[in-house]
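# Residue-level structural notes
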Number of protein chains: 2
Amino acid sequence: MSELAIIRDGGMVIREGKIDIVGSSNEIKKIAGDAEVVDAGGRVVFPGFVDAHTHLVFAGNRLDDFERRARGESYAQIARVGGGIWSTVGKTRAASDVDLLAQAKKHGEWFLRSGTTTVEAKSGYGLTVEDELKILRVMQRLNEETPLEVVPTFLGAHAVPRNLETDEYIALLVDEMLPQIARQNLAEFCDVFCERGYFDVEPSRRILKAARKLGLRLRIHADQLTNSGGAELAAELNATTADHLEKTDEQGIAALKSAGVQPVLLPGSVYALGLSDYPRTREMIEAGLAVVIATDFNPGSSPTPSMPMILSLACTQMKMSPSEAITAATINAAYSLNRGNTIGSLEAGKLANFSIFDCEDYRELAYWFGIPQTHSVFVKGKRVV
Amino acid sequence: MSELAIIRDGGMVIREGKIDIVGSSNEIKKIAGDAEVVDAGGRVVFPGFVDAHTHLVFAGNRLDDFERRARGESYAQIARVGGGIWSTVGKTRAASDVDLLAQAKKHGEWFLRSGTTTVEAKSGYGLTVEDELKILRVMQRLNEETPLEVVPTFLGAHAVPRNLETDEYIALLVDEMLPQIARQNLAEFCDVFCERGYFDVEPSRRILKAARKLGLRLRIHADQLTNSGGAELAAELNATTADHLEKTDEQGIAALKSAGVQPVLLPGSVYALGLSDYPRTREMIEAGLAVVIATDFNPGSSPTPSMPMILSLACTQMKMSPSEAITAATINAAYSLNRGNTIGSLEAGKLANFSIFDCEDYRELAYWFGIPQTHSVFVKGKRVV
């Protein structure tokens, strides 16, 4: 993870939205013929970031929760006054698809401006058949109508709706939501919030197995609040990723390793919740896991769409080196979305998704924090920022 | 500190760089006559941020230290391989005034784009008569040649140069540097890095008393690494501010309160160093202190010029409310720079320094993090970003 293949004075030939040749600027000049030239001016060129864990589509914000949390109120206190996930579920259900798309487009623009060209996006603020489908269709339109590539994940198992028993909701998920979503091809992945008091290991297993039967790949919210067997379940089911892992111990890490599950680490939510229990990142890297870092963009616990901010958190709070963090935010993330062959690095044959940053050294992107360093962003060879 | 005077649908009349009238948009429209109209479009308008603690003028960066720290190396290990403050001192001494000004202008632009219109800036990477004067003159030119207002502070007592004994250097500070700086009017404040092993309480007292005699006001780097009497010294000398205070206890807080010293809190360096010992912010606010927050912008421990980032850190890590954080970053900071009557709030008679942010609610500036929300920035009524 710590080896970046950096080309000094490098260049690329781009043809029909793909990278045709990568090499030194001098070689490229000889080959390029009468191609249109984009001069990066000695700046650093990165592959477009791949953000492998977001909750991109929601309505409203959670400013009141934010203010209460700053005052020291607990999640339970905040929930009692109508905050927490239910406030976002309520607003998202009430929003029309047009409204929801407009808000997602605003946030999608933030991602692009931060240098992210692909995002995984989870449903999970609808929690009814109709509202989950509405959210997944908004993702589809975002994909079609903006340059941002959206990889949809069904997270109906985000929380149990208040008007249903857990068993009733699981039946709804397995018998109605999942078949409809699979039939309409609205999601590539299925995810579950596997946590004591939300979806325990057994119901999580049931939902994920049903999803797998329908052809969906698996991701799991695992061990965020407690070390509750999420990592082991991910290993057992050969999930593509296990996400969060703040409480995962050495057994969990060994399980992930044995099954080749990629950990997706989310320092933005640890930071924004004012906590300090970052996951055991160095142990995971030393175990040989292909670690991914992502924003966890969502209105409650991680209101940042910025992958450079996540690089800063990874290096300062999780002791990743800048090169490890960049690997985790690009090529490793691409593999975790089943797109390792088409995005995540600047190599011949891949999509020409890249950003130019106002830096002379790649490490500056993780070092200076809180300021935009984006110069321009290209998707399939076309400038979009 | 938690009371902001928010005007909904507000407006201002600006005349000759100053705020003439503040009120509701409707009233303003009636009065304004044929004035040029700037429509903020329902966005939030803030007073320009006042950043009361920065080390703005330096050469180079500390990317190698950053990478080593991410790998878990200690400050001592980093210093042994040529890192730490001495690498910045070496580069700053070697830089011409033209080079130094160019780098400061680049960073100054970052401040403006983040919505900061006034910065305090400390010397302290020269540590010779000539180099300290060079740095202070660069600040003067920055002030003259850019829209950013720079308030200069002499921090010759940042570290003891390696080729001198502490006593020799103190004599140089007191007998040569300070008189020249005072005579040439190159600094408004004098600061000392008061810390065991750097400048202990007794030498700090000597330097600060000499500065005060020459008409300089006082600031102190106090209790950052150890609770070593810095807050009490600030109180004894009636310093304007005591800065950092990560290790200050209840006695120190009481001392600051009794003498009316303003605490300047610097969460950026706690964050960027990967530490967790934020100062006792709530105790300070509850004691009635007029708390200030600032970036501590510097290449070693706080590479951020962004006051919105500091608002985020203040709310998530120090449990300040958004309104307290904004007060600390504007009007309280203005008073700490002896400019409470001219900047720091949007009131009739003050300079028309303000920013328009792409938000509908002022709390969004602290809530969404890692992304720029600046729409435009005005200094003395003129748009500069």
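Rules and cut-offs
- Residues numbered from 1 in each chain as written.
- Chains lettered and ligands numbered in written order.
- Predicted model: local features only at pLDDT ≥ 70, side-chain atom pairs only at ≥ 80, totals over all residues.
- Heavy atoms only, no water.
- Helix = DSSP H or I, 4+ residues; strand = E, 2+ residues; numbered from the N terminus.
- Rg over C-alpha atoms; globule rule 2.2 N^0.38 Å.
- Buried < 20%, exposed > 50% of the residue type's maximum accessible area, 1.4 Å probe, protein only.
- Areas by Shrake-Rupley, 256 points an atom, 1.4 Å probe, with all protein chains shown as cover.
- Contact = heavy atoms within 4.5 Å.
- Buried area = accessible area lost by both parts, 1.4 Å probe.
- Salt bridge = Lys/Arg side-chain N within 4 Å of Asp/Glu carboxyl O.
- Polar contact = N/O pair within 3.5 Å; in protein donor to acceptor, adjacent residues only side chain to side chain.
- Domains from an automatic or database assignment.
- Nonpolar A, V, L, I, M, F, W, Y, C, P; charged D, E, K, R; others polar.
- Pairing = 2+ DSSP bridges.
- Axes fitted to C-alpha atoms, helices over the stretch in contact; angles between N-to-C directions.
- Parallel < 35°, antiparallel > 145°, perpendicular 65-115°, else oblique.
- Left-handed = near helix turned anticlockwise from the far one by under 90°.
- Phe/Tyr/Trp six-rings, centres within 6.5 Å; stacked < 30°, edge-to-face > 60°.
- Lys NZ or Arg CZ within 6 Å of the ring centre and 35° of its normal.
- Patch = residues over 30% accessible without salt bridge, like charges linked within 9 Å, V, L, I, M, F, W, Y side chains within 5 Å.

### Quick look at the overall build of chain A
Assigned secondary structure in chain A consists of 16 helices and 14 strands. Against the compact-globule benchmark of 21 Å for 385 residues, chain A has a radius of gyration of 20 Å, which places it among compact chains. Taken over the C-alpha atoms alone, chain A extends approximately 70 × 45 × 45 Å along its principal axes. Evaluated residue by residue, chain A yields a buried proportion of 59% over its 385 residues. Put simply, chain A shows about 14800 Å² of open surface, and 46% of that area lies on carbon and sulfur atoms.

### Quick look at the interface of chain B and chain A
Taken together, the 44 residues of chain B in the interface contact 44 residues of chain A. Together, the buried faces of chain B and chain A total about 4200 Å²; carbon and sulfur atoms form 66% of this surface. On the chain B side of the contact with chain A, Tyr 271, Tyr 367 and Phe 369 of chain B bury the most area, a combined 20% of that side's loss. If you look at where chain B meets chain A, you find 4 salt bridges. Taken together, the connections running from chain B to chain A amount to 22 residue pairs in polar contact (both at pLDDT 80 or more). Among the elements of the structure, α2 (63–70), α5 (97–113), α11 (267–272), α13 (307–317) and α16 (364–367) of chain B are those that each provide at least two residues to the side of chain B that touches chain A.

### Regarding the domain arrangement of chain A
How big an interface is tends to be reported as the loss of accessible area on association of its parts. Residue and element names in this part refer to chain A. Domain assignment breaks chain A into domain 1 (10–46 + 347–383) and domain 2 (48–336). For domain 1 and domain 2, the distance between their C-alpha centres works out to 30 Å. The interface of domain 1 with domain 2 comprises 15 residues on the first partner and 17 residues on the second. Both faces combined, the contact of domain 1 with domain 2 buries some 1200 Å², and carbon together with sulfur accounts for 70% of it. Three residues stand out in domain 1 for area buried against domain 2, namely Phe 46, Ala 366 and Val 379, and they jointly supply 33% of the buried area on that side. At the junction of domain 1 with domain 2, the criterion picks out 0 salt bridges. Across the domain 1-domain 2 interface, the total number found is 3 residue pairs in polar contact (both at pLDDT 80 or more). Looking at the side of domain 1 that touches domain 2 element by element, the count peaks at 4 residues for strand β13 (residues 374–379). Taken together, the residues of the side of domain 1 that touches domain 2 break down into 10 nonpolar, 3 polar and 2 charged.

### Things to note about the sheet that holds β13 of chain A
All names here are of chain A. Sheet architecture is open: 4 strands sit in the order β3-β12-β13-β14, paired in antiparallel fashion. Since the sheet does not close on itself, it has two edges, and those belong to β3 (44–47) and β14 (382–383), each with one partner. The pairing of strand β12 (residues 354–357) with β13 spans 4 bridges and is antiparallel. Across the sheet, residue Phe 354 finds its bridge partner in β13, namely Phe 378.

### So, the packing of helix α13 (residues 307–317) of chain A against helix α14 (residues 322–329) of chain A
Residue and element names in this part refer to chain A. Where α13 meets α14, the closest approach of the two axes is 9 Å, and the angle between their N-to-C directions is 135 degrees. Of the possible angle classes, the one that applies to α13 and α14 is oblique. Relative to α14, the crossing made by α13 is right-handed. From α13, Met 307, Leu 311, Ala 314 and Cys 315 reach across to α14, where they touch Pro 322, Ala 325, Ile 326 and Ala 329. Class assignment of the residues belonging to the contact of α13 with α14 gives a composition of 8 nonpolar, no polar and no charged.

### Focus on the sheet that holds strand β6 (residues 149–157) of chain A
Residue and element names in this part refer to chain A. Reading across the sheet, the 8 strands line up as β4-β5-β6-β7-β8-β9-β10-β11 and stay open at both edges, with parallel pairing between neighbours. Strands at the two margins of the open sheet, each flanked by one partner only, are β4 (49–51) and β11 (292–293). Taken together, the 6 bridges between strand β7 (residues 189–194) and strand β8 (residues 217–222) define a ladder with parallel strand orientation. Of the residues in β8, the one forming a bridge with Cys 190 is Leu 218. Across the sheet, α13 is in contact with β4, β5 (116–122) and β11; its angle to β4 comes to roughly 80 degrees.

### Structural notes on the packing of aromatic side chains
Within the structure shown, the criterion is met by 29 aromatic pairs over all chains. Every member of this aromatic cluster is reached through a ring pair, and the members are Phe 58, Phe 66, Trp 110, Phe 111, Tyr 125 and Phe 297 of chain A together with Tyr 367 and Trp 368 of chain B. Lying over the aromatic face of Phe 189 of chain B, Arg 219 of chain B brings its terminal NZ or CZ to 4.5 Å of the ring centre.

### Thoughts on the pairing of strand β1 (residues 10–15) of chain B
Residues and elements named next belong to chain B. For β1 and strand β2 (residues 18–24), the ladder comprises 6 bridges, and the chain directions are antiparallel. What sits directly across from Met 12, in β2, is Val 22. Between the end of β1 and the start of β2, which pair antiparallel, lie 2 residues, with Glu 16 showing a positive phi angle near 50 degrees.

### Observations regarding a nonpolar patch on the surface
Residues and elements named next belong to chain A. Among the surface-exposed residues, Tyr 75, Tyr 198 and Leu 225 lie close enough to one another that they form a single nonpolar patch of about 290 Å² accessible area. Relative to the helices and strands, Tyr 75 resides in helix α3 (residues 75–80). Taking the relative accessible area as the measure of exposure, Tyr 75 reaches 47% and is therefore partly exposed.

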